Structure formats: C-alpha cells, structure tokens
Amino acid sequence: MKKSRFLLASSLASTLILTASPAWAQEAAKAAPSAAETSDGEGEGSGDEIVVTGSLISNPNLQRSSPVNVTTADEIELKQSNVAEELLREIPGIVPNIGSAVNNGNNGSSFVDLRGLGPQRNIVLLDGSRVAPASLDGVFDLNNVPLALVDRIDVLTGSASTTYGADAVSGVINFITKNNFAGFDLTVSDQLTEKGDGNTIRADATIGANFEDGRGNVVLSLGYQQADPVFQGARSFSTTALLPTQAEDTTGSGSPTSTPARFAVPGLGSRQIDATGNLVAPFASFNFSPFNVFQTPFERFNIYAAGRYEISDAIEVYARGIFSKNSVDTIVAPSGIFNQPVTINLNNPFLPAGARATFCARNDFNAAVAGIQTLTVAQCNAAATATGRNDPNYREFTTNVRRRTTEAGPRISDYETFFFDYRLGLRGHITDTIRWDLSGSYGESENTQRLGGYVNVTRARQAALSDNGTTCQDPSGGCVPVNLFGIPGSISPASAAFLQTQSITAVRTSLAQVRGIISGDFGVISPFGSDPISFAVGGEYRKYKASQEADTLSQSPGVLGGSGGAVVPFNGGYDVYEAFGELNIPLIQDKPFFEDLSLETGVRYSSYSVDATNNPSYKTKTYKFGGSWTPIKDIKFRGNYSHAVRAPNINELFSPNSTGLTNLAFDPCQGAAPLANANLRAICLAQGAPAFTIGNIAPPAAGQVNNTTGGSVALRPETANTYTFGVVLQPSMAPGLSLSVDYYNIKVKKAITLPTPDDVIAACFGATPTTPSAAAATTLACTGIRRDPSTGGLDGDPATTFGLLGVLSNLGRLKTTGIDASLNYKRDIGFADLSFNFNANYTFDSQFQATPTSINRECVGYYSVSCTSIQPKFQFSQRTTLSFNKNIDVSLLWRHIDSEKYEPLSLQGEFTAADLANRDVNGVLLPVAAQGCPDFNGADPSGCVTDSAFRKIKSFNFFDFSTRFGVGDNLTLTMTVQNLFDKKPPITAQNIGATAYNSGNTYPSTYDALGRRFAMSAKLKF
C-alpha cells in the first residue's frame, strides 16, 4: 500500500485541524443507563439504523438474553479519556493489554483483552460491523476509534460468534456512533500531571446536517491528539530498576549489559573491568529505568465521515469512511552489544594490561591442538606489542561482550500507522415488517517501524579490531575504532556515530467484506404471545490479507543490538464464506407470572480457505440458544448457551520461525547447581552449553531469554462453549433503581497456544528443576532448548542462540468463570438529581494449559512472568453524580482493584528442592525455629528472603473527581482531577512479570503510575 493513497486525506486533516479556532464546551449531564439498557444492549440510533449488540435482528423492543455492559458518551466526557484504550482498560472484566502505558512491547497500536483470553479472541466493532485489523493477529487498533462521535460502548460477553463470526469467543466490544448528527461541535481538552509532565491535548471538530426534510444526513468529524512522554526517571519509585531478589529499599540493580563492559572468560564466567583495568567479579549493572517511559508519546490525526440518503421510501443508501494517521514512539534504554561474540586483538591499544593478561591465561589460542592452549606471560606481552596482523606474534581471541553504548543515546522506535476503512451499503423495506441490508467495505492498515539509536553489532565487531586506536584493521564504510573497555563516555562521538544504524520494517493488513441480511417478522405470533416471532438470515464474505516486510538489517538476527530476533518477511491470507440465521420467539407475554417469556437461537456455517501451497480448508459451525423470563415487570431471568469457534489468524498460520525474547527469571543451569547434580549437568551439556561454562552460567540477563517460535498452516480452529445466566431487577417500589447480576463460564478447547517459558522449562527439567531425571537429557523437550555456544546461557546472539522452543499447537485449554454486577440508581433528592452507577466483576478463575502435560495455570489474583497482565479477582468502578439546576454537575469515580499475590508456581522455581521442603505452597518459610530466620511475612520481612516485599500487592483504590457547568446555552466547561489523592502504584520490582506489563517496578497498565493529573475541556456547540 502506497502512502500516496493517504496524501489527500492527511493534508485535509492537517489543514482543517490546525486552522480551527479552539473553544471550550461540554454537554449537559445524561442519566446513567438503567440495568435494562446495560443488560440488554437495546438502543436505537437517531436515524433509521437500529444497533442491537449481540443480535442481527434490528428490533428496538428485543429482549436480549445476553448481558451487555454499556459505557455512555457521558462517561467518556467525564473521564476525559483521550483514546478508547484508556477508557476500556478500566472496565471491570477487561484485562489491560497493549496500550499507551506499555513501553517495551508496544508496536504502535492499542488492543483490548476481554476476560483475559487474549485480544485475538474478541472482536471490536463499529456500529455492529468489523473494520480492518492493524496486526498480523487480525486485531483492531483502538487508536482508530473516532471517540468524539461515540454515543455508547457495548461490551458483550460470549455468545457472539454466531452473530459476528470467528474471533468472538470471549465477546465483542461495539462502538456505537451518533447517528443523524446535526449542528457543530468544537471540543478542546488539555491534561497535565502534577509533576508538570505528560501534557496531553485533544481537539475534535464535528459538523453535521440534515437535508431534504430529513431524508438525508451527512457528518464530518476531525480529530487531533498529542501526548508527551512521562519518563520513569521522573517518578521516585521508578528511578532505579529493582530486582525481585532485592528488598524494596535497596539501591537496585538492572541489566548486566552495562558500562563498564562485561566479558565472558572461560572457566570464570562473566567478568567486568574495574578502574584499574583488571577483570573482576561483576560489580555494576546498568540502571535502565530512567530511560523508559510510563506514557508513550504519540500524535494522531483522525477523520470520520458518514452519510445516508433515502433514494425512495423503500431504499436508503449509506456510507462511512474512516482515516487516521498515528505516530507512536517507544523509548527504551540505550542499545549496545548484548552478550554477543566479538573478536578482539591483543594489541588493541584500548585493552588494559590486567584484562589482557587474564584473556591470555584463559582463552584457547590454538584450536588445532586439543585442550586449552593459553599464552605465557612472554607470549602475551609479545602479542600486545605486535605491529599488525602480519606480525608473527599477533593474536586474537573471541569473547561474549555485554557493553551498553550510553554514548549513542536511547533506542527509539517510531511507529507510523496509516489506516482507512470505507463502507457503502443499501438498505430498505421489503414489507412494513421485513428489512434488508446489503453492504460492503474495504480497509487497510500500514504500520511502519523506524528503529533509531541501535548499535550495528557487525560494525562493532569491525571497530573492535584496531592496531593503533586511530584506524580500524578494516577501514571500509568509514570505520572508527571503538573502545569497549573504558568507563561510560569512553566511546568517542565519531565511534558512536559509526556504530549506530537505522532500520525499517512494515506490517500491512487488509480486510474486504460483503454482507447481506434480511430481518424482521412475518406477523406470526405465538398462541400465548403478543409480539411476532422475529428473524434474521444472511450471508457474509471476508478476505483477509497481511504481510510483514523488513530491510536487510532487520532480517539479520542479532545485528541490531537489543532489538530482539530477526524480522522475517512473509505474507498470507485466507477467505471465509458464511451463512447465518437467528430467531427470537416471544412464547408467552402479558400473562400472570409471564410478563414475557422469550427464546432465541442462532446458527452460523463458515467455510475457510487458506492461501497456502496445499490450500488447506475447513468448515465450522457455531450456534447458540438463549432465553429470558420476566414473571413480573420488576424482575427478569436470562440465560444463554453458545458454541463458538476461532479460526487461526494470519500470524498463527504463516509466521516463519524466528528468535525473539521472552521472560524467564530462573535458568536451572545457572550458578553452581549443575556441579552438584550429574543429571542436571548432562541436560545443560545436551542443550549446547560448553563444558567449561558449567558452574559459571549466569542468570538470564534482565530476566529475558531467547525464544524461537513460528506459525503453522496445519493449525485448525479452536472451539469454545460459553454460557451465561443472570437476573435483572427493577423494583417498582424503588423508582430509578435497577440491578443486574450475571454469571459467565467460558471454556476453550483445542486452543491455539504457545507454552509459557515456565512450561518449556518444566517439560525438560521437571517439577524440581535442579534435580531432574536421568533420562531427561535425551528427550526432545530438553534438546529443543539451545544455549549460547560461548557462555552456556539462554540469552545471547540470536544468530547462534535459539533459546527456548515454543511450538504453536491446538493442544491448549482455556477457562474462565465469573460474575458481573451492575447497579444504577437515579432520583431527585430535592436540591439536586442523584445518579449512582456501579459496575463490578468477580472472576473465580482464569486457567491456561498450553498442552496436556503443561501446568494448568491459574492466573486470577496472581502475577508472574507466565500470568502476564494483572487480572484481579474482584474489581469495580462506581460513579456518583450530583446535578444542580441542570447545568452544574459534580461527579466522583471510585475504582477498586483487589489484592494480588505472586504466583506460587513461579515462586517455587526460585528455590532448590531442599529449600522448598521448608516452605508452604506459597513459598513462605515454615516455622521460624526450623530455619533460624524470621518469617518474611512477619515483623522482619527482609531478615531472611530479601524479595518478600514484592510477593504481594494490597488492594488499591483510585478516585477521580469531575465537575462541569454550562456557560450560556452553547458553552460547557469540564474539569477533572484524576487520581485525586495522588495514590502511588504498588512496587513489584522489574522482571517479576512480563516485560510489556511489568515496567518501572510496577504494572502501569493496571495501576496509575503518572500520579495526580489535571484535565480541562470545553465544548462549544451550535
């Protein structure tokens, strides 16, 4: 896709937005949705289109059997969220995913994860229709939502694959836009933290008009958002990277890729050069925290246009177009050489004498002779004074180097995304009660990543070979010698400039779709009913395409220091043809104890064809059954059962094997453990660790190891069974009060999954990693793990160190169960109108099992590397609003997050078998007398095990205060204080969880890491 396609739209957006005059306004307060609205998802647009989330039957009186959580435009305005992802991640039941608070792991997009089953298992809709995805996983980027035109957000749990097709296993998130908009809105908002950073501005201009006596309507909305970064170094709790093995009040550690550099020395492990030039035990790590950010900087332009026109009384044409340009920067600590082999000449003038002597005495300088052929002191001195490669005394050695190039500045990845999606359709009436709708759409997304500040390791190896310090042995390309042995600042600006390089990768996706629906009723009524049986039938076609492209540097594993593995180009696609039908049957109505009894059912048949050599294809069927019973007007019972499927996406089908990074804090082969157990030593050797490294293998650097994964066209759709049941109360004795409680149960079989790092380790080393079985060394589970051929570690040059092997399969199982509750109350209390809205989620379990032999891992209420993002057992949001004289509102939002614990299964991996015998299932030391040290949960938490402070997160409460008031008839001001009491986030240390979500010693996507913030917005409306 060429950028020229977007040139006109981009220019138009920039011109109109930048020349608009800012003004301030806000709409008057709206009533909180009732439980019926929240539960049923009923709603009707201003025009003819009716959007009922969870059904294709366009009936505004439809009583839905599936629970729907509704977030209104009023909540969006009071919260003053700048992007949809910020709003969604605070809804109970939604687990934070990639978004603005993710720094290392953000690809320039924002995703939503419903129920913690993964963003690839829910669908994001716009007015009930799919839009083009932004990722190879087929996931929509929330940055493209036209937030200014959103009227409400419906979140439906489960039961959605029949209605919307594959991917809706855990449900859908449906953004409903304002239809028939007429007038002019101009909104400008500004937000700033109490520290004076993180400035965020947003401006939206919307204009719409009806014409020809309401037969037509057009609307155009232009948006602009911009946010400054918030660096972790600007907050006291994140200025220093803490490790889980340290007490909370210690000075921290960080990454072993540091300055001064560390070198792998045979028989000694990792050694660092001290101030005297000698190789000693490592004494300094690199504190990477200050360079990382809590809020990624971004800039976005959005255009949304829609229109409809009644060609005749029976036919209406409608169209919608979205365009956006998003620029997101991720900023991480400086690049360098990350445990990669570098050849160094002994006459290098930068090499200190003490370090040279150690290298001479420890390295093999004659591979042709068996054993380690070291150099004598005389030979070493002669090599140090050699005049060049032709000198007979010239010698070289190769060592793995860890050197952070702070002189080159931070690594910056600039993600620029161009997105568009167009929809055109016709709809009308066949009869007074039967409607038809035929539409087609096409959309594309192009995400280009430009890497800057990265060290080209090939150039570093070239610059490391210098006989005189002023010229490289190979001077090609303008090579400047590099000093890898000095203190920070020892690399010259000229050398740093030579080492740096830039690289570009791109991901392109597209979605073409056509859908036709006939819905309504034939006037057939049940003998005991009063409303007719309604139906919807139709067909749908979708074509997905995606590709990944990369320049030569990105395709070369290990060349860009700190960028992970190679980006391997590929492309793929698939087609799906579908037919579907739904029925809603009001069985009994307006009878004693049967105010309403309705049944609903649906089925969808799908046929997939994958664009591959052997052209694999498969057919699937989804179906649902549900019903609701309203014995009296005050109460309604509802339930729904659904059998769903999810087909493998393009990334899962086509991605080639490549080596990247994953999290692992504990390597069974590290330290002295292999010396004490022959079986463990045999496994480490079988995985490629050299014999001389046994006993000196270092722990994974920064808690990360290499991980090799890839897709497979042999994958088949996964299946899921979902059921929900609940009750809705609207007691007539308490006008304005409504309550809904719903239970959900989702089980996914044949799930397309990767084993977690802990699963891979456990499959090889067993339940007690330091004492494995004798036969383990010959199993594929062990030999599939490949270690660094120089250091024996699991991290290193991805060109030679493949690390863990994660294989996608259909062997996984997922399960989650829980309860959603919603309470709404509104009444006149005399001096003001009171609105009370409460939404809560209690998750009983969220289990993941990658293979039948893997651990059936429970992650609700736990955090660890394997449990990724935080998923609390109990969470709620509660808003109380007082409205005075209909033009002044005062509102308080209370968000509660339940307490968390460090996952017990991960905790056990930190201890030896003997140590575990003295601990309970949570890793807590048993009676003090047996240990001679205090219980780390007692009065002296750091007296025995220093990481105890990071093993629990207490419950958290955040409060946001908002007020808004009208100024005349057209202007409304809104002011919000987010995190009113400046609540600091919990301190969990680095590396205790997944890198994307555990950053800055906390979980910034779940807990507010920015501190108290002030926001002000204004809306001018005509």
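Residues numbered from 1 in each chain as written. Predicted model: local features only at pLDDT ≥ 70, side-chain atom pairs only at ≥ 80, totals over all residues. Heavy atoms only, no water.

1. Concerning the overall build of the protein
Okay, so step 1: Helices and strands together make up the secondary structure of the protein, namely 17 helices and 43 strands.
Okay, so step 2: Buried residues in the protein amount to 58% of all 1022 residues.
Okay, so step 3: Sequence separation of 24 or more characterises 73% of the internal contacts of the protein that already satisfy a separation of 6 or more. (Helix = DSSP H or I, 4+ residues; strand = E, 2+ residues; numbered from the N terminus. Buried < 20%, exposed > 50% of the residue type's maximum accessible area, 1.4 Å probe, protein only. Contact = heavy atoms within 4.5 Å.)

2. Let's talk about the packing of aromatic side chains
Okay, so step 1: Scanning the model with the defined rule gives 33 aromatic pairs in all.
Okay, so step 2: Ring centres 6.1 Å apart and planes at 70 degrees place the aromatic pair Phe-140 and Phe-419 in the edge-to-face group. Remark: Phe-419 occurs in strand 20 (residues 411-429) and Phe-140 occurs in the loop between strand 5 (129-130) and strand 6 (150-157); sequence separation between them is 279 residues.
Okay, so step 3: Since its relative accessible area comes to 8%, Phe-140 is described here as buried.
Okay, so step 4: Judged by centre distance (5.8 Å) and plane angle (40 degrees), the ring pair of Phe-594 and Trp-629 falls under tilted. Here Phe-594 is found in strand 25 (residues 594-610), whereas its partner Trp-629 is found in strand 26 (residues 617-632), with 35 residues between them in sequence.
Okay, so step 5: By relative accessible area, Trp-629 is classed as partly exposed at 33%.
Okay, so step 6: Among the aromatic side chains, those forming a connected cluster through ring pairs are Tyr-723, Phe-725, Tyr-743, Phe-838, Tyr-842, Phe-844, Phe-874, Phe-876, Trp-894, Phe-959 and Phe-981. (Phe/Tyr/Trp six-rings, centres within 6.5 Å; stacked < 30°, edge-to-face > 60°.)

3. A few points about the state of the cysteines
Okay, so step 1: Inspection of every chain in the model, using the stated rule, returns five disulfides.
Okay, so step 2: At a sulfur-sulfur separation of 2.0 Å, the disulfide partner of Cys-472 is Cys-479. Handedness here is read from the sign of the S-S torsion; for Cys-472 and Cys-479, about -75 degrees, the answer is left-handed.
Okay, so step 3: The disulfide partner of Cys-669 is Cys-684, and the gap between their sulfur atoms is 1.9 Å. Disulfide Cys-669-Cys-684: torsion about the S-S bond near -100 degrees, hence left-handed. Residue Cys-669 is found in the loop between strand 28 (658-663) and helix 12 (673-676), and its partner Cys-684 is found in helix 13 (residues 678-686); the two are separated by 15 residues along the sequence. (Disulfide = S-S within 2.5 Å.)

4. Looking at helix 14 (residues 757-765)
Okay, so step 1: For helix 14, the complete set of buried residues consists of Pro-757, Asp-759, Val-760, Ile-761, Cys-764 and Phe-765.
Okay, so step 2: Backbone geometry just after helix 14 places Gly-766 at a positive phi near 85 degrees.

5. Some thoughts on the pattern of salt bridges
Okay, so step 1: Using the criterion set out here, one finds 47 salt bridges in the structure.
Okay, so step 2: Note that Arg-964 is salt-bridged to Asp-889, the shortest N-O span being 2.8 Å. Of the two residues, Arg-964 sits in strand 41 (residues 956-967) while Asp-889 sits in strand 38 (residues 888-897), which places them 75 residues apart along the sequence. Judged on exposure class, the residue Arg-964 and its partner Asp-889 are both buried.
Okay, so step 3: Between Arg-1013 and Asp-1008 there is a salt bridge, with its nearest N and O atoms 2.7 Å apart. (Salt bridge = Lys/Arg side-chain N within 4 Å of Asp/Glu carboxyl O.)

6. Notes on the sheet that holds strand 18 (residues 336-345)
Okay, so step 1: If you trace the five strands from one edge of the open sheet to the other, you get 14-13-12-19-18, paired in antiparallel fashion. Edge positions in the sheet fall to strand 14 (279-280) and strand 18, since each of these pairs with one other strand and no more.
Okay, so step 2: Here strand 12 (residues 262-265) pairs with strand 19 (residues 396-404) via two bridges, running antiparallel. Across the sheet, Phe-263 pairs through a bridge with Val-401, a residue of strand 19.
Okay, so step 3: Helix 6 (residues 353-362) contacts strand 12, strand 13 (269-273), strand 14 and strand 19 of the sheet and is inclined by roughly 25 degrees relative to strand 12. (Pairing = 2+ DSSP bridges. Axes fitted to C-alpha atoms, helices over the stretch in contact; angles between N-to-C directions.)

7. Some points on the pairing of strand 4 (residues 122-126)
Okay, so step 1: The buried fraction of strand 4 amounts to five of the five residues, a majority that puts the element mostly inside the structure.
Okay, so step 2: The two faces of strand 4 match: Asn-122, Val-124 and Leu-126 on one face and Ile-123 and Leu-125 on the other face are all buried.
Okay, so step 3: Judged from the five bridges that link them, strand 4 and strand 7 (residues 171-177) form a sheet pairing that is parallel. Across the sheet, the residue bridging to Val-124 is Ile-173, located in strand 7.
Okay, so step 4: Linking strand 4 back to strand 5 in an antiparallel pair, the connection comprises two residues, with Asp-127 at a positive phi of about 55 degrees.

8. Topic: the side chain of Thr-162
Okay, so step 1: Looking at the element boundaries, Thr-162 is found in helix 5 (residues 161-164).
Okay, so step 2: Polar contacts involving the side chain of Thr-162 include one to the side chain of Thr-622, which spans 3.4 Å.
Okay, so step 3: Polar contacts involving the side chain of Thr-162 include one to the main-chain amide nitrogen of Tyr-623, which spans 3.5 Å.
Okay, so step 4: Those residues in contact with Thr-162, other than ones at most four positions away along the chain, are Phe-580, Gly-602, Val-603, Arg-604, Thr-622, Tyr-623 and Lys-624. (Polar contact = N/O pair within 3.5 Å; in protein donor to acceptor, adjacent residues only side chain to side chain.)

9. Quick look at the nonpolar core
Okay, so step 1: Core analysis: the largest hydrophobic core is formed by 43 residues, its most contacted members being Leu-88, Leu-142, Val-145, Ile-153, Ile-173 and Phe-175.
Okay, so step 2: The residues contacting Ile-153, other than those within four sequence positions of it, are Asn-69, Val-70, Thr-71, Ile-76, Leu-87, Leu-88, Ile-173, Asn-174 and Phe-175.
Okay, so step 3: Listed in part, the 32 residues of the second largest apolar core include Leu-279, Cys-380, Val-455 and Leu-499. (Core = buried A, V, L, I, M, F, W, Y, C linked by side-chain atoms within 4.5 Å.)

10. What about the sheet that holds strand 32 (residues 804-805)?
Okay, so step 1: One open sheet accounts for three strands, arranged 28-29-32; its pairing is mixed. Both edges of this open sheet fall to strand 28 and strand 32, since each of them pairs with a single strand only.
Okay, so step 2: As paired strands, strand 29 (residues 704-709) and strand 32 are joined by two bridges and run parallel to one another. When the bridges of strand 32 are listed, Asn-707 appears paired with Leu-804.

11. What to know about the environment of Phe-961
Okay, so step 1: Of note, Phe-961 is situated in strand 41.
Okay, so step 2: For Phe-961, a relative accessible area of 29% gives the class partly exposed.
Okay, so step 3: Residues Phe-961 and Val-977, spaced 16 residues apart in sequence, show a C-alpha to C-alpha distance of 5.2 Å.
Okay, so step 4: Not counting the four nearest positions on each side in its chain, Phe-961 is found in contact with Val-890, Ser-891, Leu-892, Met-975, Thr-976, Val-977 and Leu-980.

12. Examining unusual backbone geometry
Okay, so step 1: A cis amide bond, omega -5 degrees, links Thr-259 with the succeeding residue Pro-260.
Okay, so step 2: The backbone phi angle of Phe-593 is positive, close to 65 degrees, even though this residue is not glycine.
Okay, so step 3: Mapping Phe-593 onto the fold places it in the loop between strand 24 (570-591) and strand 25.
Okay, so step 4: Unusually for a residue other than glycine, Asp-982 sits at a positive phi of about 55 degrees.

13. Section: helix 6
Okay, so step 1: If you check which residues of helix 6 are buried, you get Gly-354, Ala-355, Arg-356, Phe-359 and Cys-360.
Okay, so step 2: Buried residues along helix 6 sit against strand 12, strand 13, strand 14, helix 7 (377-384) and strand 19.

14. Some points on the side chain of Thr-622
Okay, so step 1: Locating Thr-622 in the fold gives a position in strand 26.
Okay, so step 2: On the accessibility criterion, Thr-622 (2% relative accessible area) is buried.
Okay, so step 3: Those residues in contact with Thr-622 that lie beyond four places of it in its chain are Ser-161, Thr-162, Gly-602, Val-603, Arg-604, His-643, Ala-644 and Val-645.

15. Focus: a nonpolar patch on the surface
Okay, so step 1: A cluster of nonpolar side chains, Ile-311, Ile-315 and Leu-426, forms an exposed patch at the surface whose accessible area comes to about 220 Å².
Okay, so step 2: We classify Ile-311 as partly exposed; its relative accessible area is 49%. (Patch = residues over 30% accessible without salt bridge, like charges linked within 9 Å, V, L, I, M, F, W, Y side chains within 5 Å. Areas by Shrake-Rupley, 256 points an atom, 1.4 Å probe, with all protein chains shown as cover.)

16. Some thoughts on the confidence of the model for the protein
Okay, so step 1: Summary statistics for the protein give a mean pLDDT of 86 and a share of 89% for residues scoring 70 or more.
Okay, so step 2: Under a pLDDT of 50 for its full length, residues 1-47 has, in the predicted model, 144 contacts with residues more than four places off or in other chains.
Okay, so step 3: Low pLDDT, under 50, characterises residues 247-251; the stretch is placed with ten contacts to residues that sit more than four places away or in other chains. (pLDDT = per-residue confidence, 0-100.)

17. Re the environment of Arg-202
Okay, so step 1: Turning to its location among the elements, Arg-202 is positioned in strand 9 (residues 200-211).
Okay, so step 2: Between the C-alpha atom of Arg-202 and that of Ser-81, which follows or precedes it by 121 residues, the distance is 9.5 Å.

18. As for the pairing of strand 26
Okay, so step 1: Taken together, the 14 bridges between strand 25 and strand 26 define a ladder with antiparallel strand orientation. Bridging from a neighbouring strand, Ser-609 pairs with Ser-617 of strand 26.
Okay, so step 2: Count of turn residues in the strand 25/strand 26 antiparallel hairpin: six residues, of which Asn-615 carries a positive phi of about 45 degrees.
Okay, so step 3: Sheet topology places strand 26 next to strand 27 (residues 635-646); eight bridges connect them, and they run antiparallel.

19. So, the environment of Gly-269
Okay, so step 1: For Gly-269, the location among the structural elements is in strand 13.
Okay, so step 2: For the pair Gly-269 and Asn-696, spaced 427 residues apart in sequence, the C-alpha to C-alpha distance is 4.7 Å.
Okay, so step 3: Residues contacting Gly-269, with those up to four places away along its chain left out, are Phe-263, Ala-264 and Asn-696.

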